[in-house]
Amino acid sequence: MIRMTMAVTALGALALVGTGCRPGGAARGNAAAEEATRGHPVTGRVVAVMAERGTLLVDHDEIPGYMPRMTMEFHVGQGDLAIAKEGAELRARLIEAENGIFRLEGIWWQDAVADSTVRQAAERLREDTQLRGRSAYREVGENLPDFALYTHNGEVAQAARWRGKQILLNFIYTRCPIATMCPLATSKMMEAQEKAREAGVPNLELVSITLDPEYDTPGVLREYAEARGIDTSNFTFLTGPESAIRDLLKQFGVLSELDGPKGSPLIRHTLTTLLIDETGKIAWRADGSNWSPAEFVGKMKR
Ligand SMILES: [Cu+2]
């Protein structure tokens, strides 16, 4: 019931965003829908990271009908610039230059071992969700599902990495335009992080999984964390295959419109915050945006 209310609230707010402040709503909607898919798909390797120029020198493969293989300088986001390493392989979208330097967006770092770990975990999670069927939803007292996703540093993180830790976990997306939804959820996570530290909770890890894996690449998540001054020493943002996100949402009982228009920056969703204990069991959950960081910290072991 609470979750339904949240969905309706989000829907109302979205309608407002859609019809409110700017003219040409339909055209803007199309532009927004194209934003996550525009440009030319491209693969390549980083030749050099030119941090002071905010660019990467990339040896990119041929883009049939558009550009032969060549080494080019590309603007990238701050997060990708921070993650990029010489020799790293990537796939991205190449955006035409407006100022002489082209741009890479939607960068996914390619690594055969990491990618196969994530893919296999997503397949197991898919099977697990199907096997559980109608009881896919995990109640308080049940275990955290197994998963492997990419962190905001572009590394693989498996659920087992946090064994022996208490985890405060939620789902957000970086483009969420509703102040009382994801932006507030992230502030509360930061507040819980600080309060837990003050209270002497020794082993807390905070985890935010994206609701928007199409747009929220590791680099976008890293930029989100840095822009908010988030202490990422025990706060990790995760992204990965859409199927894995979808299965996690189902198992954690979060409603989200992943099936909405492709590339749309607006996702209708509910909010859920979970506390996982050091044995991997769901110890507590709060649905909606009215959860209290202090209450969660009160439930943590110290
Ligand atoms: Cu949101």
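Given the structure is predicted, the values throughout are model-derived calculations rather than measurements. (Residues numbered from 1 in each chain as written. Predicted model: local features only at pLDDT ≥ 70, side-chain atom pairs only at ≥ 80, totals over all residues. Heavy atoms only, no water.)

A.B. asks: Please clarify how the packing of aromatic side chains should be interpreted in this entry.
C.D. replies: The way to describe two aromatic rings as a pair is by their centre distance and the angle between their planes. Scanning the entire structure with this criterion turns up 6 aromatic pairs. Judged by centre distance (6.3 Å) and plane angle (40 degrees), the rings of Phe-147 and Trp-162 are tilted. Here Phe-147 is found in the loop between helix 4 (112–132) and strand 6 (148–151), whereas its partner Trp-162 is found in the loop between strand 7 (156–158) and strand 8 (166–172), with 15 residues between them in sequence. For the pair Phe-147 and Trp-162, one class covers both residues: buried. Centre to centre, the rings of Phe-235 and Phe-237 are 4.7 Å apart; their planes meet at 15 degrees, and the pair counts as stacked. Phe-237 matches Phe-235 in its accessibility class, with the two residues each being buried. Here the aromatic cluster, defined as three or more aromatic residues joined through ring pairs, consists of Tyr-224, Phe-235 and Phe-237. The lysine or arginine in question, Arg-175, covers the ring of Tyr-215, its NZ or CZ lying 3.9 Å from the ring centre. Lys-299 extends its terminal NZ or CZ atom over the ring of Trp-284, reaching a point 3.8 Å from the ring centre. (Phe/Tyr/Trp six-rings, centres within 6.5 Å; stacked < 30°, edge-to-face > 60°. Helix = DSSP H or I, 4+ residues; strand = E, 2+ residues; numbered from the N terminus. Buried < 20%, exposed > 50% of the residue type's maximum accessible area, 1.4 Å probe, protein only. Lys NZ or Arg CZ within 6 Å of the ring centre and 35° of its normal.)

A.B. asks: Would you mind showing me how to read the coordination of the copper ion here?
C.D. replies: As a benchmark, a tetrahedral metal site with four donors has ideal angles of 109.5 degrees, while an octahedral site with six donors has ideal angles of 90 or 180 degrees. At this site the copper ion is bound by Cys-176 (SG), Cys-182 (SG) and His-269 (NE2), with donor distances of 2.0 to 2.2 Å. Ordering the donors of the copper ion by residue number gives the pattern C-x5-C-x86-H. Taken as a pair, Cys-182 in helix 5 (residues 182–198) and His-269 in the loop between helix 7 (242–252) and strand 11 (272–276) lie far apart in primary sequence, 87 residues in all. Overall, the relative accessible area of 1% leaves Cys-182 in the buried class. (Donors = N, O, S within 2.8 Å, 3.2 Å for Na, K, Ca; no water.)

A.B. asks: I'm lost on the packing of helix 4 against helix 7 in this one. Help?
C.D. replies: Between two packed helices, the angle of one axis relative to the other and the distance separating the axes together describe the packing. Direction vectors running N to C along helix 4 and helix 7 enclose 35 degrees, while the axes themselves pass 9 Å from each other. When the axes of helix 4 and helix 7 are compared, the crossing they make is left-handed. Contact residues: helix 4 offers Ala-122, Leu-125, Arg-126, Asp-128, Thr-129 and Arg-132, while helix 7 offers Ser-243, Ala-244, Asp-247, Leu-248, Lys-250 and Gln-251. In terms of residue class, the contact of helix 4 with helix 7 is built from 4 nonpolar, 3 polar and 5 charged. (Axes fitted to C-alpha atoms, helices over the stretch in contact; angles between N-to-C directions. Left-handed = near helix turned anticlockwise from the far one by under 90°. Contact = heavy atoms within 4.5 Å. Nonpolar A, V, L, I, M, F, W, Y, C, P; charged D, E, K, R; others polar.)

A.B. asks: Explain the pattern of salt bridges here, please?
C.D. replies: Close approach of charged atoms lets side chains of opposite charge pair. According to the stated counting rule, one finds 18 salt bridges in the structure shown. Its salt-bridge partner being Arg-53, residue Glu-73 comes within 2.6 Å of it at the nearest N-O pair. With Glu-73 in strand 3 (residues 70–75) and Arg-53 in the loop between strand 1 (40–50) and strand 2 (55–60), this residue pair connects regions lying 20 residues apart in the sequence. Glu-73 gets classed as partly exposed once you look at its relative accessible area, which sits at 21%. (Salt bridge = Lys/Arg side-chain N within 4 Å of Asp/Glu carboxyl O.)

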